[in-house]
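Remarks on the overall topology
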Amino acid sequence: MITFTSFYQAIAEDTLQPWLEELPALLGHWQREHKHGQLPKWEKVLKKLDGMQPDSVNFSDSVEIGDASTTSDSQREKFESLLAIYKPWRKGPYRIHGIDIDTEWRSDWKWDRVAPHISSLENRLVLDVGCGNGYHMWRMLGAGARRVIGVDPSTLFLCQFEAIKRIAGNQHPVHLLPLGIEDLPALDGFDTVFSMGVLYHRRSPIDHLYQLKSQLRSGGELVLETLVIEGDEQQVLVPEDRYAKMNNVWFLPSAKALILWLQKCGFENVRLVDNDVTSLAEQRTTQWMPNESLIDYLDPNDISKTIEGYPAPMRATFIATKPINPMN
Ligand SMILES: Nc1ncnc2c1ncn2[C@@H]1O[C@H](C[S@+](CC[C@H]([NH3+])C(=O)[O-])CC(=O)[O-])[C@@H](O)[C@H]1O
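Keep in mind that what you see is a predicted model, and the values were worked out from it rather than measured.

**Overview of the packing of aromatic side chains**
Evaluation of the coordinates by the stated rule reveals 8 aromatic pairs. Ring geometry for Phe-4 and Trp-30: centres 6.1 Å apart, planes at 75°, overall edge-to-face. Linking Phe-4 in the segment before α1 (5-11) with Trp-30 in helix α2 (residues 23-33), this pair joins segments that are 26 residues apart in sequence. Assigned by exposure class, Phe-4 and Trp-30 land together as buried. One aromatic cluster is present, built from ring pairs that chain together Phe-59, Trp-138 and Phe-161.

**Here's the deal with unusual backbone geometry**
The omega torsion of the bond from Lys-87 to Pro-88 falls at 5°, within 30 degrees of zero and hence cis. With respect to the helices and strands, the residue Pro-88 is situated in the loop between α4 (73-84) and β3 (91-92). Across the junction of Gly-92 and Pro-93, the peptide omega takes the value 10°, indicating a cis bond. Residue placement: Pro-93 occurs in the loop between β3 and β4 (94-96).

**Points about a nonpolar patch on the surface**
On the surface, a nonpolar cluster with roughly 260 Å² of combined accessible area is contributed by Leu-280, Ile-295 and Ile-303. Take Leu-280: it is sitting in the loop between β14 (268-277) and α10 (294-297).

**Brief notes about the side chain of Thr-317**
Among the structural elements, Thr-317 can be located in strand β17 (residues 314-321). Each residue touching Thr-317, except ones within four places of it in the same chain, is listed here: Val-114, Val-223, Leu-224, Glu-225, Arg-271, Leu-272, Val-273 and Asp-274.

**Thoughts on the UniProt feature "binding site: carboxy-S-adenosyl-L-methionine" (unreviewed entry) in the chain**
The positions that UniProt labels "binding site: carboxy-S-adenosyl-L-methionine" (unreviewed entry) are, in the present scheme, Lys-91, Trp-105, Lys-110, Gly-130, Asp-152, Pro-153, Ser-154, Ile-181, Glu-182, Met-196, Tyr-200 and Arg-315. The largest pairwise C-alpha distance within this set of annotated residues, which runs over 225 residues, is 25.9 Å, so the set is dispersed in three dimensions. Secondary-structure assignment places Trp-105 in strand β6 (residues 105-106). Residue Trp-105 is classed as buried on the basis of its relative accessible area, which comes to 8%. With residues near it in sequence (within four places) discarded, Trp-105 still touches Arg-90, Lys-91, Gly-92, Pro-93, Thr-278, Glu-282, Gln-283 and Arg-315. Within the element layout of this structure, Asp-152 appears in the loop between β8 (147-151) and α7 (155-168). Residues within four places of Asp-152 in sequence aside, it is in contact with Gly-130, Cys-131, Gly-132, Phe-157, Leu-176, Leu-177, Pro-178 and Leu-179.

**Focus: the pattern of salt bridges**
Summed over all chains, the structure comprises 19 salt bridges. The salt bridge involving Arg-113 is made with Asp-274; its shortest N-O contact spans 3.5 Å. With a gap of 161 residues between them, Arg-113 in helix α5 (residues 107-114) and Asp-274 in strand β14 connect regions that are remote in the sequence. Within this structure, Arg-113, Asp-274, Asp-276 and Glu-282 form a network of salt bridges that share partners.

**Looking at helix α8 (residues 205-213)**
If you check which residues of α8 are buried, you get Pro-205, His-208, Leu-209, Leu-212 and Lys-213. Along the long axis of α8, the arc covered by the buried residues comes to 140°, so they all point the same way.

**A short note on the site of the ligand**
Close to the ligand lie 18 residues; Lys-91, Lys-110, Gly-130, Asp-152 and Met-196 are nearest. Within the backbone of Gly-130, one N or O atom sits 2.7 Å away from a nitrogen atom of the ligand. In terms of residue class, the shell around the ligand is made up of 7 nonpolar, 5 polar and 6 charged.

**Describing the packing of α5 against helix α6 (residues 135-142)**
The N-to-C vectors of α5 and α6 enclose an angle of 45°; their axes lie 10 Å apart at closest approach. Regarding the angle of α5 to α6, the classification is oblique. The two elements α5 and α6 meet at a crossing, and its hand is right-handed. The residues of α6 that touch α5, namely those facing Ser-107, Asp-108, Lys-110, Trp-111 and Asp-112, are Tyr-135, His-136, Arg-139 and Met-140. Along the lines of polarity and charge, the residues of the contact of α5 with α6 split into 3 nonpolar, 2 polar and 4 charged.

Here is what the cut-offs are and how they apply
Residues numbered from 1 in each chain as written. Predicted model: local features only at pLDDT ≥ 70, side-chain atom pairs only at ≥ 80, totals over all residues. Heavy atoms only, no water. Phe/Tyr/Trp six-rings, centres within 6.5 Å; stacked < 30°, edge-to-face > 60°. Helix = DSSP H or I, 4+ residues; strand = E, 2+ residues; numbered from the N terminus. Buried < 20%, exposed > 50% of the residue type's maximum accessible area, 1.4 Å probe, protein only. Patch = residues over 30% accessible without salt bridge, like charges linked within 9 Å, V, L, I, M, F, W, Y side chains within 5 Å. Areas by Shrake-Rupley, 256 points an atom, 1.4 Å probe, with all protein chains shown as cover. Salt bridge = Lys/Arg side-chain N within 4 Å of Asp/Glu carboxyl O. Contact = heavy atoms within 4.5 Å. UniProt positions renumbered as here; feature names shortened; annotations may be inferred. Arc of directions from axis to C-beta. Near = heavy atom within 4 Å. Polar contact = N/O pair within 3.5 Å; in protein donor to acceptor, adjacent residues only side chain to side chain. Nonpolar A, V, L, I, M, F, W, Y, C, P; charged D, E, K, R; others polar. Axes fitted to C-alpha atoms, helices over the stretch in contact; angles between N-to-C directions. Parallel < 35°, antiparallel > 145°, perpendicular 65-115°, else oblique. Left-handed = near helix turned anticlockwise from the far one by under 90°.

Take a look at the structure:
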């Protein structure tokens, strides 16, 4: 069974201690009421992965756990069949005891675009909102973060994360909580907050920006990545129905509009650091994610458009600071 006791112990002496007033009740509710049909099967597999200690881990330039040369073929086959239970694997890639989990997304490419622009994560307390299965959290740890906490409501992603964490040895200060950003109280405690690939899923994007701000300490850094469109400060796309076959896309602002929104929400030093049209090499069907992918979401006659006729996915990354002045 997935439990959160070690997380409570870890934050009991930290700046996040006030969170303990409500968090155990919230996660206790998740444990009692959560009804995902596959969870019992997924938890059974997690049990088989308990107590592992790999001879090596590398989180700084990839996510690689265990040494292929000291893993026997039969051990590798066992790992592969256990990890296959958690398909589809969307975010990665991971290399586990010589097994390459080739995921739908090259999430490492996103990290390579974002990482050069952010303040050093050395010894920082980090929140990753909408962390997926936690791929970027391992890279944040590899970049020196003191502790990384991710929130994501997906049960499958939680189980994928827990599987990787158990194989990595379980002691690493990286934690995924099955919550939405809206479940978090204003913690005013994180040194860096990431929100990557989440804003367009929020019905109220301005509230999302305020929620992110309320997680940061004064002077803390926001790293925001989201889908954008071309255009001036007043350009925002609100898809009539689906966007790239997704039925939960609400607002796609232009980069200029998003800069204005961030400034209006009281962030300082707001800047666009990357702008990139998603390539068919970055998001694609693989053996570990055999379902439809980006190519199926685009117009077959013109890949600069989605299948619905909107501009094809373009993503931008912004960095901003929460002011030191507590009145902001
Ligand atoms: N209310 C919510 N609160 C928190 N998370 C949410 C919420 N609603 C959905 N999510 C989660 O937000 C994530 C969006 S994916 C980005 C993953 C990673 N960050 C990436 O940058 O690759 C989008 C993409 O594929 O880019 C999913 O894991 C959802 O479960």
